[in-house]
Every structure is written in structure tokens, then in C-alpha cells.
Amino acid sequence: MRHIHIIGIGTGNPEHLTVQAINAMNAVDAIFIPTKGAEKEGLAAVRREICSRYVTNSRTAIIEFAVPKRATTDRTYLESVDEWHAAIAETYVRLIRELPEAGEGAFLVWGDPSLYDSTIRILERARQASTLAFEFSVIPGITSVQALAASHRIPINLVGKPLEITTGRRLLEQGNQAESTVVMLDGETAFSKIDDPDAEIFWGAYLGTSDEITRAGRLADVAEEIVRLRAEARARHGWIMDIYLLRKGHDFDDL
């Protein structure tokens, strides 16, 4: 039976890869690299660099494929994502079918496959929606949450307090409620619209790479600067991946 490895590759620094990940990359017949057009060429370039640095098995093929675009017109967010995932699942089936009957392949996933990434659920969908038999395993990677905390040299939570991980869309809908809130997938700079000026923000983009940008401070003091830096960086690179922590309160406030 064919086998697929879903490999977390960290946030863009090739040195984020684990030994387990490198060993798996050199054991497979093919590594599948997604491409998303010229605007997001940098995302594919990082994966190519990782393969160039670590893949020493000459029998491992590097196969690039175009990711279907997500249609949003006349659809709710969930409807558009569901339709998009179905199209990607069909692409995955086509790629896996090209492997030998007992072959192995790998998808390189930004960050960790378990955190705000859909490769696992799409592969499960592909397996259920087709007659193609395959198994898959997951190799964890460094998350952007870990990279953010490391770059700012902070613990991600307050002592004895919970941590919430959410999206920019949810933050706008529900407000900043937890003492420590990590926000991902915020294309609309939700932090700049939150009425919590005394909260602290720890922001980072392109974490772990030579293009890394970080800012931290009182939300009311730095929000405008972060919005500007984000827009400039996106225009310069054609894409951006960023994440931030909103924090209110301090350790041992309950004493």
C-alpha cells in the first residue's frame, strides 16, 4: 500500500527540520511541492531550498504541483473552504496515484501539520472520496507559536493561566477575552480594531528567516506601526505570514 508522510518544516528556516523529517524525506519516492503562482513563489522556494540541502537520495523525485485557487464569490467562508479542500483532495489523489503501488511520498507542511493547516483533513478526505488505498503518518514541526515566543524571548502563557489560539476573524467576532491569545491567519489586522489599548502585543512576520520582523509593546502604542510594517513587507515580498500574541495582565496577578 502507498504511504504518505506529512512533514512539518517549521516557519521558513531550513534548520528547523528535525532528524526524523530529514530521514523521511530521504526514504520517499517523491516529495510534493505546492506552487501558488509568482506572487507566492517564496513559499515554494523555501521548500526547494530544504530539499536541496537535505535530500541526498538520488531516487527521491521532487514534484511540483499547482494548488487550486479558492473561489469566494457568492459563498460563505466555510462553503468556499469546503469546495477548495475538495479540489485539493482531487489533486492529492492524482499525485499519490502516480507513486508505485508500495511507494512513499511526502508533503512538506509549513509549521506543524496539526496547527491551522488542513493537509491532514484533506488527505483523509482524499482517502474517503476515492478508491485509492493509502496510509499516512505525521511528522511534527516547529510551530509559528514556538518561533514567535523564541524570537521575543518570552513564555507564551502567564503563570497558571490558559492560552487561547484563534484566528483574526474570530478575534473580531468575539473580542480579546483570554489573558493570553495567540492570533493566526489575520489578513485584516484585527488587532488594530480591538478596543483593549492596554493589552500588550508581541508580533512577528517571516519568523525564523532572514526577513524576520518583530515588534512588541502596548497595543495602543505599536498597532499603527505594525499595520504599516505589515503592508510594506507584503508589498515587498508578495506574501506574508505573521502571527502575534495579545496579553493582558501579568504573572501572579491573582496573589
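As shown above, the structure is provided for reference.
Small disclaimer: the values here were computed from a predicted structure and weren't measured. (Residues numbered from 1 in each chain as written. Predicted model: local features only at pLDDT ≥ 70, side-chain atom pairs only at ≥ 80, totals over all residues. Heavy atoms only, no water.)

## Brief notes about the pattern of salt bridges
Part 1 of the argument: Overall, the coordinates contain 15 salt bridges when judged by the stated rule.
Part 2 of the argument: Close ionic contact of Glu173 with Arg169 constitutes a salt bridge, the shortest N to O distance being 3.7 Å. Of this pair, Glu173 and Arg169 both sit in helix α6 (residues 168-174), separated by 4 residues, roughly a single helical turn.
Part 3 of the argument: Ionic contacts of the salt-bridge type, sharing partners, join the residues Glu41, Arg48 and Glu64 into one network. (Salt bridge = Lys/Arg side-chain N within 4 Å of Asp/Glu carboxyl O. Helix = DSSP H or I, 4+ residues; strand = E, 2+ residues; numbered from the N terminus.)

## Examining the side chain of Lys161
Part 1 of the argument: Its place among the elements puts Lys161 in the loop between α5 (144-152) and β6 (163-167).
Part 2 of the argument: Among the residues examined, Lys161 registers a relative accessible area of 17% and is labelled buried.
Part 3 of the argument: When sequence neighbours within four positions are dropped, the list of residues in contact with Lys161 reads Glu179, His250 and Asp254. (Buried < 20%, exposed > 50% of the residue type's maximum accessible area, 1.4 Å probe, protein only. Contact = heavy atoms within 4.5 Å.)

## Examining the sheet that holds strand β5 (residues 134-139)
To summarise the sheet geometry, strands pair through backbone hydrogen bonds and adopt either a parallel or an antiparallel arrangement.
Part 1 of the argument: Spatially, the 5 strands line up as an open sheet ordered β3-β2-β4-β1-β5, and their pairing is parallel. For this open sheet the edge positions go to β3 (61-66) and β5, each flanked by a neighbour on one side alone. For this sheet, the mean angle separating the axes of adjacent strands, direction not counted, is 25°.
Part 2 of the argument: Here strand β2 (residues 30-35) pairs with β3 via 6 bridges, running parallel. Pairing of Ile33 across the sheet is with Glu64, part of β3.
Part 3 of the argument: The strands touched by helix α3 (residues 77-97) are β1 (2-8), β2, β3, β4 (104-109) and β5; relative to β3, the strand with the most contacts, the crossing angle is about 155°.
Part 4 of the argument: On the sheet, helix α4 (residues 119-129) packs against β1, β4 and β5 and is oriented at approximately 175° with respect to β5. (Pairing = 2+ DSSP bridges. Axes fitted to C-alpha atoms, helices over the stretch in contact; angles between N-to-C directions.)

## A word on the sheet that holds β6
Part 1 of the argument: Across the sheet, which stays open at both edges, the 5 strands sit in the order β6-β7-β10-β8-β9 with mixed pairing between neighbours. Of all the strands in the sheet, the pair left with one neighbour each is β6 and β9 (213-218). With strand direction ignored, the average angle separating the axes of adjacent strands in the sheet is 15°.
Part 2 of the argument: As judged from the 5 bridges shared by β6 and strand β7 (residues 180-184), these two strands associate in the parallel manner. The partner of Leu163 across the bridge, within β7, is Ser180.

## Description of the nonpolar core
Part 1 of the argument: Core analysis: the biggest nonpolar cluster contains 41 residues, and Ile7, Leu17, Met25, Ile31, Ile201, Trp203 and Tyr244 have the highest contact counts within it.
Part 2 of the argument: Only α1 (19-25), β2, α2 (41-54), β4, β8 (200-205), α7 (219-237) and β10 (242-247) provide two or more residues apiece to this core.
Part 3 of the argument: Among all residues touching Met25, those that are not within four sequence positions of it are Ile7, Leu17, Ile31, Ile50, Cys51, Val55, Thr60 and Leu108.
Part 4 of the argument: Residues Ala30, Phe32, Leu95 and Leu132 belong to the second largest nonpolar core, which totals 20 residues. (Core = buried A, V, L, I, M, F, W, Y, C linked by side-chain atoms within 4.5 Å.)

## Concerning unusual backbone geometry
Part 1 of the argument: Of note in this structure, Arg153 is not a glycine but carries a positive phi near 55°.
Part 2 of the argument: Relative to the helices and strands, Arg153 resides in the loop between α5 and β6.
Part 3 of the argument: With a phi close to 45°, Thr189 is a non-glycine residue in the positive phi region.
Part 4 of the argument: For Thr189, the position within the fold is in the loop between β7 and β8.
Part 5 of the argument: Looking at Thr189, the relative accessible area reads 13%, which means it is buried.

## Quick word on the packing of α3 against α4
Part 1 of the argument: Relative to each other, α3 and α4 sit at 70°, their axes nearing to 8 Å. If you check the angle between α3 and α4, you find them roughly perpendicular. In this structure, α3 meets α4 at a crossing whose hand is right-handed. Listed contacts from α4 to Asp82, His85, Ala86, Ile88, Ala89, Tyr92, Val93 and Ile96 of α3 are Thr119, Arg121, Ile122, Leu123, Arg125 and Ala126.
Part 2 of the argument: Here the contact of α3 with α4 is built from residues that sort into 9 nonpolar, 2 polar and 3 charged. (Parallel < 35°, antiparallel > 145°, perpendicular 65-115°, else oblique. Left-handed = near helix turned anticlockwise from the far one by under 90°. Nonpolar A, V, L, I, M, F, W, Y, C, P; charged D, E, K, R; others polar.)

## Details of α2
Part 1 of the argument: An ideal rise of 1.5 Å per residue puts 20 Å on 14 residues; α2 measures up with 20 Å between its terminal C-alpha atoms.
Part 2 of the argument: Those residues of α2 that fall on the buried side of the exposure criterion are Leu43, Ala44, Val46, Arg47, Ile50, Cys51 and Tyr54. End-on view of α2: buried residues confined to an arc of 155°, all on one side of the axis. (Expected span 1.5 Å × (residues − 1). Arc of directions from axis to C-beta.)

## Some words on the pairing of β4
Part 1 of the argument: The buried count for β4 comes to 5 of 6 residues, which makes it a mostly enclosed element.
Part 2 of the argument: Sheet topology places β2 next to β4; 3 bridges connect them, and they run parallel. Bridge pairing in β4 places Ala30 opposite Gly105.

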